[in-house]
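Chain by chain, the residues run as shown.
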Amino acid sequence: MTLNDLKWIPRGLCLGLLAFAIFGPLTNLVLWAVTERWYFPHALPLEYGFTYWAKVFSPRGNATVSLLTSVMIACLTVVVSVGLAIPAGYALARLKLPLRGVILLLLLIPQAFPNLPVYVNIARIFYQFGLNGTILGVVLVHVTHGLVYAVWIATAAFSAVDGELEEAARSIGASAMRTFVDVTLPIAAPGLLASSIFVFLESLDEFTGTYFVGAPDVSTLPLLLYTAGSGGNYQIASITALVLLVPSIAFMFVIEKFLRADVLSKVGR
Amino acid sequence: MPVPFLGLLLVTPALLVVTLLFIVPLASSITGAFDVDGNFGIGNFQKAFELYSSDIVFTIVIVLLSSVLIGLCSIAIGGYLTLGNNPRAVSILKWLYRWPLFIPFIVVGQILRTFLAKNGLMNSMLMESGILTAAQTISFLDWRGIVIAFVWKQTPFVTLLIAGAMASLDRAMIESARNLGASRLRILVEIILPQVLPTLLVGLILSFVTMMSVLSVPLMINAQSPTMITASMAFRINAYGDYGVANALGVISLMTTSVVAWIHLRQTMREHR
Amino acid sequence: MRKVCYPLVALALTTSPVLAEELTVLTAGDQNMVDYVNEYLGPLFESQNPGTTVRAVGTGPGDAGSQKILERFDAQAQANVGTWDADVAVVHEKFAGPMVEKGYLDAYRGDIENGKLATGANSKMALGTNVDGYVMPMFSSQTALAYNPALVPTPPRSYEELATWAKENPKQFGYNGIKGGASGVSFVMGWIYAFAGDADKLMNGPFEEAETAKWSDAFASLKDFTTNATLTPGNAGTLDMLSRGEISMGPVWVDMFYSWKADGKLPPEMKLVLPAPGMPGQPMHYVIPEKSGHKDLAEKFVNLATSPEVQAEGIVKRFNWYPGIDAQLVQSKLDAATWDKLFTDISPEDLAKNGKSFPIAPYNTAILEAYERQVGN
């Protein structure tokens, strides 16, 4: 037996530890989702069942509609954010722009100021615009947060496009717009898709803005999750979180199909 | 059309959305931070520092520490994904590391609370397997819990970004270094890391910003005092209806993140030119 | 702008156009408050008023939940919205005062039949603010000490006994400070009632600055006490640690305690004790915004919710909460066994003697800030 044959031991050990670190807490989530009774001194649930699943999906609970609304809002948020981020990212990456740093910083602010005292003002402005209780209003609130990721990563994606390709297209007579649509955009597309994962997740996890701008007309699953989660309603919160995993992972899976790794390399340059 | 003008035109829609829907509402918060009984003053900041200076220091230390750990973990994971020799281990790792990305923060708070507690699932599992005895168990529900929660949730985010960057590097240089007998650690530190550093920093800054504004994790995990700025802001508002000090704390938080982001942006702008 | 938005909403299909009358109920508090409206009160109201629908929106537990309702009203008031998007709100006592002072609420109690059944003092004053006519109590909640009889065979009956017990059993008592929710706040208020003087003055006023100087010794002893105690993360955090046996005693909201038990998260043998001289409790109030679009329907709804039948069947029997309206009227609608279940752990006499209210708002603020300076730091 050579030393090489034993190399799997530290490797296996490391992977095992990582698996424990990641799936330990997740096991907790899954266990609580099917727990009926669990308390001291029992290390594992005393009784398993699906009572709380029935509760979450009870007809008046609106969980199914809320889930569909959440997914629709997340998709719209992705479309709007990426739609805004494409021109902005292109300009920030390829054009000479005054105050480039200030603009990037400005787009960071919605994440940088803890939002708690701001929501009341946001809600006021949305009421003035008549956007309260509309899907559009909720989408816009999510977009302000999603743009942080979308613009920063789109900037990277456009930086990664080789300028010579564009020049070649221009030299054979393509218009600027044509060059952008036919050459630049397809090359940058994977990067834009990558940013959409983070925008999607950001939207799917958001609840306070949704409450202030969307409720009572727009009800999303994270709103339900918030009440259950912060009240220590472990079963309901776990079930909701598991349900929310489905669209997240499905979205990730779809995006992976399009993702080209190298675009990620230029983020922030 | 002159190029700077065209550039501004393209950035305008995004800027308009953020300005109208966030910066304008934020303006009343920022002016509110300087509003003491209707007059301009810095009383709210004085009170914020007097009562919450330990919270401010605590927050910055926690978030910086978490950022460093997130950076190290994501470099390690990304490095193995790029340099790993064993295809099976690489694909297991690739499948493994992403899961926490999909768990909302509020649920991260909940599951880590019941996992890391003294009689929580982790210690129960360790006791069942005979690694620990009941007397040796400790609770991690303090600053360590917050750091663990942040690292757990944010590492996949940064890893996802830098693993992509690492994968797109020129393999030729890595291979030739290997042929010259350089260890994988050395290749990672001396060849790969300098090239993905900008990506790593952006990932870390986006994480830093996110962690600074998370409320549910400190609320659900940290019982001790001091706690994080967001928890104190929530307390100021919910217990006293005091937006002045809450906004002052928000401004302090904003300044902290701005300084960090600005240092980074200045550096990249130098490269950009 | 509206013209642009409405077709979009219609397109989205998730918001139904208001054909039937729709009553929107915002409720602070735990998931069970939302469940109460969704599973019990809403269907009952709809069956009595065909063509109406009731929808409940939970805004989250604790003061934060009520604060979010207040902020929603603030935003609509500042934006000069003509018809507000909430018809009934359920808020903590502490937030009824500010809402009345800001003129957000309708004085509806005189208009509803069951208004006269709200006989308690808490339907007139809320932490020192006159709210008479604006509120109807949904139920009364109380804080108490939850303990595990297996670990604590003889629970302390007073704050003095508790202090001694905590010294003998270090780290076995847990509470959530003051930043994590009102059960910890309540414990601190009880401590001040017990060791720093005049509870009646704190609860009823008037506010005198001099009173605040009397607390330093009590806070010093509380700081000392806290070093022997375990701090827990939040109201739910105390129950959470009790559930895993990490602490054996701690202050909890009685209603939360029962719902944790019902959800199988606490050992069924857990018990409650209300130590002398008492701990605060508070009612949850039904309020109706002045600018509700469905005032008549909202009044009908609250009238139903505060009828003796609903208080008996919904509040007491289903949820084991203390009734909001005159207790005798509710008791007469129930069999003795159901009624007695309310008082399994805490006798009616103890509740009457030791069930206090929170201090009036200025004292409340002063005590919390003093705690922050003297104990928390």
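It should be emphasised that the depicted structure is a prediction, and the values quoted were computed from it without experimental measurement. (Residues numbered from 1 in each chain as written. Chains lettered and ligands numbered in written order. Predicted model: local features only at pLDDT ≥ 70, side-chain atom pairs only at ≥ 80, totals over all residues.)

Re the interface of chain A and chain B
To keep things clear, this is the line we draw: Once C-beta atoms are placed from the backbone, any two residues with those atoms within 7 Å are in contact. Helix and strand assignments follow DSSP, with helices taken as H or I runs no shorter than four residues and strands as E runs no shorter than two, numbered in order from the N terminus. Gly is put with the polar residues, along with every residue not named as nonpolar or charged; the nonpolar set is Ala, Val, Leu, Ile, Met, Phe, Trp, Tyr, Cys and Pro, and the charged set is Asp, Glu, Lys and Arg.
Facing 75 residues of chain A, the contacting portion of chain B comprises 82 residues. Counting residues per element, the side of chain A that touches chain B draws most heavily on helix H4 (residues 100-112) of chain A, at 12 residues. By residue class, the composition of the side of chain A that touches chain B is 56 nonpolar, 13 polar and six charged.

Some words on helix H2 (residues 31-48) of chain C
Residues and elements named next belong to chain C. Just so we agree on the cut-off: In this scheme, a helix's expected span is set at 1.5 Å multiplied by one less than its residue total. What is called the bend at a residue is the angle between a pair of axes, fitted to the seven residues leading up to and ending at it and to the seven starting from it. Residues are called buried when their C-beta atom has 20 or more other C-beta atoms within 10 Å, exposed when it has 12 or fewer, and partly exposed otherwise; all C-beta atoms are positioned from the backbone.
Here H2 contains 18 residues, and its C-alpha end-to-end distance of 25 Å stays within 8% of the 26 Å for a straight helix at 1.5 Å per residue. Of all the bends found along H2, the most pronounced is centred on Leu41 and spans about 40°, while Pro43, a proline, follows it within four residues. Along H2, the positions that sit buried rather than exposed are Gln31, Asn32, Met33, Val34, Asp35, Tyr36, Val37, Asn38, Leu41, Gly42 and Phe45.

With respect to the domain arrangement of chain C
Residue and element names in this part refer to chain C. Rule in force here: An automatic or database domain assignment supplies the start and end points of every domain.
Taken domain by domain, chain C comprises domain 1 (2-140 + 282-341) and domain 2 (141-281 + 347-376). Relative to domain 2, the C-alpha centre of domain 1 lies at a distance of 28 Å. For the side of domain 1 that touches domain 2, the secondary-structure elements that each account for two or more residues are helix H3 (62-78), strand E6 (136-147) and strand E11 (279-287). Its residues placed into classes, the side of domain 1 that touches domain 2 shows five nonpolar, nine polar and two charged.

Here we look at the pairing of strand E2 (residues 52-58) of chain C
How we decide: A pair of strands is treated as paired once DSSP finds two or more bridges between them.
In this sheet, E2 of chain C lies alongside strand E1 (residues 21-27) of chain C in parallel orientation, the contact comprising seven bridges. Across the sheet, Glu21 of chain C pairs through a bridge with Thr52 of chain C, a residue of E2 of chain C.

A word on the domain arrangement of chain A
Residues and elements named next belong to chain A. The assigned domain composition of chain A is domain 1 (3-49) and domain 2 (61-266). Distance from the C-alpha centre of domain 1 to the C-alpha centre of domain 2: 33 Å. The partner domain 2 presents six residues to the four residues of domain 1 that form the contact. It is helix H1 (residues 8-33) that contributes the most residues to the side of domain 1 that touches domain 2, three residues altogether. Tallied by class, residues from the side of domain 1 that touches domain 2 come to three nonpolar, one polar and no charged.

Some thoughts on the confidence of the model for chain C
Residues and elements named next belong to chain C. In plain terms, the rule: The quantity called pLDDT is the predictor's confidence in a given residue, expressed from 0 to 100.
Looking at chain C, the pLDDT average stands at 90 and 95% of residues meet or exceed 70. Here helix H1 (residues 2-12) is the element of chain C with the lowest mean pLDDT, 45, and strand E3 (residues 88-92) is the one with the highest, 96. Confidence over residues 1-18 falls short of pLDDT 50; this stretch has 21 contacts with residues more than four positions distant or in other chains. Confidence estimates for the predicted assembly give a pTM of 0.91 and an ipTM of 0.88.

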